[in-house]
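Fold and contact review
Okay, here's what each chain looks like letter by letter:
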Amino acid sequence: MNKGSTYKRCGCQDPASGKKLGASCPKLRRSDGAWHPNHGAWHYRLELPGDEHGKRQMLRRGSFGSQDDAQDELNQVHSLLAIPDQDDADALRQVAAVLQDVTKRGEKLPTQESIRRQLQTGDPYTDRLTTGTWLTQWLATKRKIKKSTWRGYASHIRLYLEPSLGGIRLDRLNVGHVQEMFDAIDERNDFIQKCRHSGNRELRTLVKGERITGPATKQRIRATLRAALNAACRPPAKITYNPAMYVELPSGKPPKALVWTEERVERWRTTGETPSAVMVWTPEQTGEFLDHIEDDPLYPLYHLIAYRGPRRGEACGAHWSDLNRKARTLRVAWQVVKLGTEIFLDTPKSDAGARLLALDENTCEVLDAHRERQRERQLELGEIWQDSGLIFTGELGAPLNPNHVSNHFQDLVAQAGLPPIRLHDLRHGAATLALVAGVDMKVVQEMLGHATYAFTADTYTSVPPQLAADAAESAAKVVPRSSSRTPGHTSGTPEINKEATGDDAAKKSQVRWVKKRAPGATRTHTGRILSPLPLPIGLRGLANTLYATLVWGVRVPRSFGVGGSGRLVFRDDCRGGVGQ
């Protein structure tokens, strides 16, 4: 292979012709023939392997401060050309093409690692691949995901990731860059809030229509970036680590659902404040709403959501062919989705979303009456009717616009004079109704179409006040108490001699401490009472005892203790043997 050479040249021009003198400029050397240190710059040239047509290629790079610097980079070029096998013409041409390309762009030489990666994978040279370019390439590969998911990815890239990170080289993206993006989002949120609460009309107009980017949205933005960078980490790896994994963000946990109790309703009517973003009606409020809208065309849809809790899109996408009137079931197989101006049918949100929904007889009768009205409407319109096969349709039989369903619901709530909730909160309410009815949480999970039991229990169930009060009374009745005890006092509580007279000091002197013994207990020489229990169980053990009594129907046994594993062990007349 040609070793190449270094040379010195300048930008001086011939006064007569105007052409550059280059390496022939007399000022490059001193009178003694030595190179002049302050005139010109050092360059190197090297003949590269020929292209696919056998044409010679010459690499020229320069503007080095010294001959040694030029020679060092020339040696680096030799090391890059030595990476592929010298008899592999295609690989040599690839390396030569990269060297020519970076030279035209005025960029630094690629690293040996990047050249090896290119030769191993066949991918284009990626040292200058930007984060924005990679995000675009990654999104183009996501062809097997739902339209709504793809649209979410595209929105995150367009609105947040590309403007903040798009120009950064992918291999140089770090945690600081990602954190700065989220800091900028927080600053924008603060600005929007200040403008909204400002007395300046122009400032309020400036942010009109803009939404706050909340914790949950920021978590989804990071999830999009993390997924794209994970793909870049997979072979053929373009980066060695994923900086999105190490950025700390506030929890995106959804707000806790609260029940509209009488106290909360009264405060809402006084101040207009809503205690939480997710509010749930009591059974009485739900019944009042359904009674109020019974003549509304969309009453059957709202009735179905209130009683059985399908998602908005799932209710809009239900077909008559999915309804089994005899078995009283509705198969959830479709949902209506709106993306921009497009409305279309899609499969459920997740695998757990495709389910069989059991219906009560009242809901079936409501759907029967709705079917009769729909048939009459179809006969009335004739060919104008669009036979979509859907249970809930527009006036001409076309699929409902999900946004219209939500907006109409808000209007009906306002007309009924009830405290505000979202349409999706009816789904929360259906879970709460099931809880009040004593339905097992696993059944509620399957009814709602959730993938995990924990998500249903943590997010979708709210305890109505009456149910909480009944539970408290039930727990209190479980513990047997001696009738001789003073109500509200436990063993060791001071009792005052009511016969005492005189001033306060004299009354205090009449206070005596009483140690009462439970049946079977004996007093020790220290004055303490020896319990008949074999081992102390502590507060947690006592709580477990009450839980076992309420949930499993286990009576409080005469004696119990703690097993070797730390579990609460029931003995004697206990049903079930061991509880924990």
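Residues numbered from 1 in each chain as written. Predicted model: local features only at pLDDT ≥ 70, side-chain atom pairs only at ≥ 80, totals over all residues. Heavy atoms only, no water.

1. Quick notes on unusual backbone geometry
- Even without being a glycine, Ser63 presents a positive backbone phi close to 70 degrees.
- Structurally, Ser63 can be placed in strand 3 (residues 57-64).
- The phi dihedral of Arg328 falls on the positive side, at around 55 degrees, and the residue is not glycine.
- Its location among the elements puts Arg328 in the loop between strand 6 (323-324) and strand 7 (329-332). (Helix = DSSP H or I, 4+ residues; strand = E, 2+ residues; numbered from the N terminus.)

2. Topic: a positive patch on the surface
- There is a patch of like positive charges on the surface, built from Arg9, Lys20, Arg45 and Arg60.
- Position of Arg9 relative to the elements: it lies in strand 1 (residues 5-9).
- Looking at Arg9, the relative accessible area reads 32%, which means it is partly exposed. (Patch = residues over 30% accessible without salt bridge, like charges linked within 9 Å, V, L, I, M, F, W, Y side chains within 5 Å. Areas by Shrake-Rupley, 256 points an atom, 1.4 Å probe, with all protein chains shown as cover. Salt bridge = Lys/Arg side-chain N within 4 Å of Asp/Glu carboxyl O. Lys, Arg positive; Asp, Glu negative; His and termini not counted. Charge placed at Lys NZ, Arg CZ, Asp CG, Glu CD. Buried < 20%, exposed > 50% of the residue type's maximum accessible area, 1.4 Å probe, protein only.)

3. Overview of the side chain of Gln57
- Considering the arrangement of structural elements, one finds Gln57 in strand 3.
- Non-local contacts of Gln57, meaning those with residues more than four positions away in its chain, are made with Leu46, Glu47, Leu48, Pro49, Gly50, Asp51, Ala96 and Gln100. (Contact = heavy atoms within 4.5 Å.)

4. Regarding the packing of aromatic side chains
- Tallied over the full model, the rule gives nine aromatic pairs.
- Aromatic side chains Trp281 and Phe409 sit 6.2 Å apart centroid to centroid with 45 degrees between the ring planes, which places their arrangement in the tilted category. Of this pair, Trp281 sits in the loop between strand 5 (279-280) and helix 10 (283-292) while Phe409 is found in helix 14 (residues 402-416), placing the two residues 128 residues apart along the sequence.
- Taken together, the ring pairs in this structure connect Trp281, Phe289, Tyr302 and Phe409 into an aromatic cluster.
- A cation over an aromatic ring shows up here: Arg29 above the ring of Trp35, its NZ or CZ 3.7 Å from the ring centre. (Phe/Tyr/Trp six-rings, centres within 6.5 Å; stacked < 30°, edge-to-face > 60°. Lys NZ or Arg CZ within 6 Å of the ring centre and 35° of its normal.)

5. With respect to helix 4 (residues 131-141)
- Buried within helix 4 are the following residues: Thr131, Gly132, Trp134, Leu135, Trp138 and Leu139. Taken down its axis, helix 4 places every buried residue within 160 degrees of arc, on the same side. Turned more than 90 degrees from where helix 4 packs its buried face, Thr136 and Ala140 sit exposed.
- Residues of helix 4 that are buried in the fold lie against helix 5 (147-165) and helix 8 (215-233). (Arc of directions from axis to C-beta.)

6. Description of the pattern of salt bridges
- Within the structure shown, the criterion is met by 19 salt bridges.
- When the shortest N-O distance is used, the salt bridge between Asp101 and Arg105 registers 3.4 Å. With Asp101 and Arg105 both in helix 2 (residues 89-105), this residue pair falls four residues apart, about one helical turn.
- Judged by relative accessible area, which is 52%, Arg105 ranks as exposed.
- With its nearest N and O atoms 2.8 Å apart, the salt bridge here joins Asp425 to Arg422.
- For Asp425, a relative accessible area of 2% corresponds to the buried category.
- Taking the relative accessible area as the measure of exposure, Arg422 reaches 36% and is therefore partly exposed.
- Connected through shared salt-bridge partners, Arg325, Arg328, Glu361 and Asp368 make up one network.

7. Regarding the environment of Tyr307
- Tracing the backbone shows Tyr307 in helix 11 (residues 299-308).
- A sequence separation of 119 residues divides Tyr307 from Leu426, and the C-alpha atoms of the two residues are 8.5 Å apart.
- Those residues in contact with Tyr307 that sit more than four places away from it in its chain are Leu290, Asp360, Asn362, Thr363 and Ala430.

8. A few points about the confidence of the model for the protein chain
- With 81% of its residues at a pLDDT of 70 or more, the protein chain shows a mean pLDDT of 83.
- In this model residues 505-518 is a low-confidence stretch, pLDDT under 50, and it forms 29 contacts with partners more than four residues away in sequence or in other chains.
- Note that pLDDT drops below 50 for residues 554-580; the model gives that stretch 62 contacts with residues more than four away or on any other chain. (pLDDT = per-residue confidence, 0-100.)

9. Considering helix 1 (residues 67-81)
- The terminal C-alpha atoms of helix 1, which comprises 15 residues, lie 21 Å apart, in line with the 21 Å expected from a rise of 1.5 Å per residue.
- For helix 1, the set of buried residues is Ala70, Glu73, Leu74, Val77, Leu80 and Leu81. Here the buried residues of helix 1 occupy an arc of 110 degrees about the axis, which is enough to place them on one side. (Expected span 1.5 Å × (residues − 1).)

10. Focus: the environment of Glu210
- Among the secondary structure elements, Glu210 is positioned in the loop between helix 7 (201-206) and helix 8.
- On a C-alpha basis, the gap between Glu210 and Asn189 in space is 9.5 Å, while along the polypeptide they are 21 residues apart.
- Apart from residues lying up to four places away in sequence, Glu210 is in contact with Arg188, Ile192 and Arg196.

11. A word on the sheet that holds strand 6
- Strand order in this open sheet of three strands is 6-7-10, and the pairing throughout is antiparallel. Where the open sheet ends on each side, the last strands, each with one partner, are strand 6 and strand 10 (355-358).
- Of the pairings in the sheet, the one linking strand 7 to strand 10 comprises four bridges and is antiparallel in character. Looking at strand 10, one finds that Arg331 is bridged to Leu356. (Pairing = 2+ DSSP bridges.)

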